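# Breakdown of the fold
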Amino acid sequence: MTQALFISHGGGPLPLLGDPSHHELTQALKHLALTLAKPKVILVVSAHWESTPLRITSSTQPSLYYDYQGFPQESYEIKYPVLGHPELAQKLQKQLIKAGFDTELDAKRGLDHGVFVPLKIMYPKADIPVLQLSLMTGLEPKAHLKLGKTLRDFAKQVDDLLLLGSGFSFHNMHAFFAPHTEQVAVKNNAFED
């Protein structure tokens, strides 16, 4: 059975550092893991990896990619020793190529914080293999809708897969930290609606 979710992973490593503003998110992710059937493999699409061509992590033991800056040293020493799943990465690559997507396996890139932060909270034992798939550079909506349909078809072939989208509904960090004006509120509400 495939389970598919979109979650917020919070601000960089803050959920793992005990940041009080992330307490509710951390508790929600812990609770979510208890309510889901435990998956045999997890495929994550994070807001923090765009690539052309599409790329899929294919390492047997993926490293972590600390794609943030300005945090305490402990933020760069976080460990999540999860296994990858190279065979499933190859199977996904074949399906994506068959659907017309230029796709490459990537055995070097580590899992970014959009992957390891929520998974370390949800599945702290790191006992479920994880793959990460990039978004397409440019974020063209029609291409990503087609990608979603391809992933849906792929998920039907994989037993006990958790397909996880990780980010925010709004991921423009420049606008996120801009002053909260009436104009910003109107645009944000229009997007959410």
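No experiment lies behind these values; they were computed from the predicted model shown. (Residues numbered from 1 in each chain as written. Predicted model: local features only at pLDDT ≥ 70, side-chain atom pairs only at ≥ 80, totals over all residues. Heavy atoms only, no water.)

## Concerning the overall build of the protein
Here is the rule: Going along the chain from the N terminus, every DSSP run of H or I of four or more residues is numbered as a helix, and every run of E of two or more is numbered as a strand. Here the globule rule reads 2.2 Å times residues to the power 0.38, and the radius of gyration is calculated from C-alpha atoms. Each residue gets one of three labels from its accessible area relative to the maximum for its type: buried under 20%, exposed over 50%, partly exposed in between, using a 1.4 Å probe on protein chains only. By the convention used here, residues are in contact when the closest approach between their heavy atoms is within 4.5 Å.
Counting its regular elements, the protein contains six helices and six strands. The linear arrangement of helices and strands in the protein, starting from the amino end, is β-α-β-β-α-β-α-β-α-β-α-α. Against the globule reference of 16 Å for 193 residues, the protein gives a C-alpha radius of gyration of 17 Å, in line with a compact fold. Each of the three principal axes of the protein carries a C-alpha extent, and together these read 45 × 35 × 30 Å. Within the protein, the fraction of its 193 residues that count as buried is 44%. Here the contacts in the protein between residues at least 6 apart in sequence split such that 81% fall between residues at least 24 apart.

## Notes on helix H4 (residues 141-155)
What counts, and what does not: Helices are assigned an expected span. That span is 1.5 Å times one less than the residue count. When we speak of the arc, we mean the arc of directions from the helix axis to the C-beta atoms.
Between its first and last C-alpha, H4 extends 21 Å over 15 residues, near the 21 Å set by a 1.5 Å rise per residue. Along H4, the residues classified as buried are His144, Leu147, Thr150, Leu151, Phe154 and Ala155. The arc that holds every buried residue of H4, seen down its axis, measures 135 degrees, which confines them to one face. Opposite the packed face of H4, turned more than 90 degrees from it, sit the exposed residues Pro141, Lys142, Leu145 and Lys149.

## Focus: the environment of Asp19
Note the following rule: By the criterion applied in these results, polar contacts are pairs of N or O atoms within 3.5 Å in which, for protein atoms, one can donate a hydrogen and the other can accept it, and in which residues neighboring in sequence qualify only through two side-chain atoms.
Residue placement: Asp19 occurs in the loop between strand E1 (3-8) and helix H1 (23-35). The spatial distance from the C-alpha of Asp19 to the C-alpha of Gly148 is 33 Å, given a sequence separation of 129 residues. For Asp19, the side chain forms a polar contact with the side chain of Ser21, separated by 2.2 Å.

## As for the pattern of salt bridges
Rules: By salt bridge we mean one thing: a side-chain nitrogen of Lys or Arg within 4 Å of a carboxyl oxygen of Asp or Glu.
Evaluated as defined, the whole model comprises five salt bridges. Residues Arg55 and Glu104 are paired through a salt bridge, measuring 2.4 Å at the closest nitrogen-oxygen approach. Remark: Glu104 occurs in strand E4 (residues 103-106) and Arg55 occurs in strand E3 (residues 54-57); sequence separation between them is 49 residues. Arg55 sits in the partly exposed class, given a relative accessible area of 22%. Judged by relative accessible area, Glu104 falls into the partly exposed class, the value being 34%. Close ionic contact of Asp112 with Arg109 constitutes a salt bridge, the shortest N to O distance being 3.4 Å. Taking the relative accessible area as the measure of exposure, Arg109 reaches 12% and is therefore buried.

Read these as spatial facts, not as claims about activity.
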